[in-house]
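Reading the structure
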Amino acid sequence: NYLDNFWPDLKAAHELFDSIVQARRERESESQENHGKEYPEHLPVEVLEAGIKSGRYLQGTLNVNKHRAQLEAFVRLQGFGSKDTG
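Residues numbered from 1 in each chain as written. Predicted model: local features only at pLDDT ≥ 70, side-chain atom pairs only at ≥ 80, totals over all residues. Heavy atoms only, no water.

The chain appears in an unreviewed UniProt entry as DI3L1 exonuclease from Melanocharis versteri.

Below, the discussion takes up the overall build of the chain. Along the chain, the regular secondary structure elements total 3 helices and 2 strands. If you list the helices and strands of the chain from N to C, you get α-α-α-β-β. Counting every position in the chain, which comprises 86 residues, the buried fraction comes to 2%. Taking the intrachain contacts of the chain between residues at least 6 apart in sequence as the baseline, contacts between residues at least 24 apart amount to 0%. (Helix = DSSP H or I, 4+ residues; strand = E, 2+ residues; numbered from the N terminus. Buried < 20%, exposed > 50% of the residue type's maximum accessible area, 1.4 Å probe, protein only. Contact = heavy atoms within 4.5 Å.)

Another aspect to go through is a nonpolar patch on the surface. On the surface, Tyr2, Phe6, Trp7 and Leu10 cluster together into a nonpolar patch covering about 490 Å² of accessible area. With respect to the helices, strands and loops of the structure, Tyr2 is situated in helix 1 (residues 2–6). On the basis of relative accessibility, which here comes to 54%, the residue Tyr2 falls in the exposed class. (Patch = residues over 30% accessible without salt bridge, like charges linked within 9 Å, V, L, I, M, F, W, Y side chains within 5 Å. Areas by Shrake-Rupley, 256 points an atom, 1.4 Å probe, with all protein chains shown as cover. Salt bridge = Lys/Arg side-chain N within 4 Å of Asp/Glu carboxyl O.)

A separate point is the side chain of His14. Considering the arrangement of structural elements, one finds His14 in helix 2 (residues 11–33). Among the residues examined, His14 registers a relative accessible area of 18% and is labelled buried. Ignoring any residue separated from it by four or fewer positions in sequence, one finds His14 in contact with Leu3, Asp4, Trp7 and Pro8.

What follows deals with the environment of Ser54. For Ser54, the position within the fold is in helix 3 (residues 45–54). At 3.1 Å, the side chain of Ser54 forms a polar contact with the backbone oxygen of Gly51. (Polar contact = N/O pair within 3.5 Å; in protein donor to acceptor, adjacent residues only side chain to side chain.)

This part takes up the packing of aromatic side chains. The tally for this structure, following the rule as stated, stands at 1 aromatic pair. Here Tyr2 and Phe6 contribute two aromatic rings whose centre-to-centre distance is 5.2 Å and whose plane-to-plane angle is 40°, an arrangement assigned as tilted. Here Tyr2 pairs with Phe6, and both are found in helix 1, just 4 residues apart, close to one helical turn. A single burial state applies to Tyr2 and to Phe6, both of which are exposed. (Phe/Tyr/Trp six-rings, centres within 6.5 Å; stacked < 30°, edge-to-face > 60°.)

Structure (structure tokens):
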């Protein structure tokens, strides 16, 4: 309404707004297809649970440095002492 009422001749702004609305609709549609999950699962939960039980996969917690997130992170494995992180 704002664009229509105050900037009716500003074509670029209207196109940008339409593009944003369309992108949001597509994202909401994808989210509904993924059952509300933001990212698709790489492996089904059953496969991961079986892999953890068999020892093929390890379960841990990812810790990321909030100030240097792209450079510093480590995984703390469950069931291991604090010395055994990598």
